[in-house]
Amino acid sequence: MAYILGIESSCDETAAAIMRDGEVLVNLISSQIDHSKYGGVIPELASRLHQQNIVYLVQQALDEAGIEGKDLSAVAVTQGPGLLGALLVGICFSKSYAYALDVPLIGVNHMEAHILANFIQDPKPTFPFLNLTVSGGHTQLVLVKSFFEMEIIGQTIDDAAGEAFDKAAKLLGLPYPGGPQIDRHAREGDPSRYSFPKADVGRFEFSFSGIKTSLLYLLRDGLKGDPDFIKKNLDDLAASYQNRIVSILIEKVEDAAKEYGVTQVALAGGVSANSQLRSAFTTMCEQNGWQAFIPSMAYCTDNAAMIAYAGYQKWKAGMTSELTLAPYTRG
Ligand code: KG4
Ligand code: ZN
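Residues numbered from 1 in each chain as written. Chains lettered and ligands numbered in written order. Predicted model: local features only at pLDDT ≥ 70, side-chain atom pairs only at ≥ 80, totals over all residues. Heavy atoms only, no water.

A. Representation of the side chain of H50 within the structure. The topology assignment puts H50 in helix 1 (residues 43-65). With relative accessibility at 0%, the residue H50 sits in the buried group. Here T14 takes part through its side chain, which lies 2.8 Å from a polar atom of the side chain of H50. Excluding residues that lie within four positions of it along the chain, H50 makes contacts with S9, C11, D12, E13, T14, Q32, A86 and V89. (Helix = DSSP H or I, 4+ residues; strand = E, 2+ residues; numbered from the N terminus. Buried < 20%, exposed > 50% of the residue type's maximum accessible area, 1.4 Å probe, protein only. Polar contact = N/O pair within 3.5 Å; in protein donor to acceptor, adjacent residues only side chain to side chain. Contact = heavy atoms within 4.5 Å.)

Here it is, written out as structure tokens:
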């Protein structure tokens, strides 16, 4: 029996999960809500909070799984991309713990782990499949050829999809993280009330900064005529803005799936928690006769189960890391 401990600390969530033979036993997250009052993640604060949480969180994960440290087969940890100080907390802890237990350490790429979250539940995709990764820092179209072979065929040239949601929420006076807030207001609004531009970029590239700027001007002009402009139109603004982002994402992933001739298409990353994206993605795949894969909510946003799962696959393939493992912030 293989027990894998997964640790995630790349951004503002400290997370620990335990998997037995690829099945999730425990998946814990300690969200650092302190950041919300600053309107974004403060890297130094994130690192300190990870430090406060990590030992207790891992102990709780072991307790809930009903095992002890010595039962673990390996410790998998997010190596990057992410915030340097935040990653270091998870990595330093994992190195010490793996060394003390005399089990392998396994460095995991956070973006690859988001994609592999699609394997945590049934049905699981088969290779090759196309994945649209949409998170706070990345927007990527990825051709997934195996657990370890992933080709990025296109990505954003400026803001990530999650960033576009977060920045818009900030302009609308909504708290961080903005994606779930926009999602909630959009449900009550008219998506065709306002129109937002579509960037003229490469076929499989994305650009969201123009949409954000367009919202900025729309609000500026609206507020000139009426100081309550945002309050009165919040739902329609959110719905129209979200609709533009979702339609661009769907259009690109559909085009890429046709180009690469795949019949299985998956979503990954925090923005795949978006209700409109989930339903539009499912409909688009149905219309094309493709199989759609979307992780359940707990595995869309940052979590440690996906790190443990990626670690489990690497462990089975003998792909373990040295104790000199170093974090990387980009990639
Ligand atoms: O994958 P993730 O948890 O962290 C990164 O690796 O970046 O993604 C976080 C992003 C944030 O930008 C957040 O606003 C967005 O995911 N997000 C959403 C929703 N839930 C989270 N965006 C749109 N709609 C949602 N329901
Ligand atoms: Zn993430």
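Next comes the rest of the write-up.
B. Local environment of the pairing of strand 9 (residues 264-268). Of all five residues that make up strand 9, five are buried, and the element is covered over most of its length. In strand 9, alternate side chains face the same way, and those of Q264, A266 and A268 on one face and V265 and L267 on the other are all buried. As paired strands, strand 6 (residues 129-134) and strand 9 are joined by four bridges and run parallel to one another. Residue pairing for strand 9: N131 is matched across the bridge by A266. For strand 9 and strand 10 (residues 291-293), the ladder comprises three bridges, and the chain directions are parallel. Considered in strand 10, the bridge of V265 is made with A292. Remark: the strand 9/helix 8 (residues 275-288)/strand 10 crossover connection has right-handed handedness. (Pairing = 2+ DSSP bridges. Right-handed = clockwise from strand over helix to strand, strands pointing away.)

C. Spotlight on unusual backbone geometry. With an omega of -5°, the peptide bond running from F127 to P128 counts as cis. Assignment of secondary structure puts P128 in the loop between helix 3 (110-116) and strand 6. Even without being glycine, D21 reaches a positive phi, approximately 50°. When you line up the elements, D21 lands in the loop between strand 2 (13-20) and strand 3 (23-31). Judged by its relative accessible area of 37%, D21 falls in the partly exposed class.

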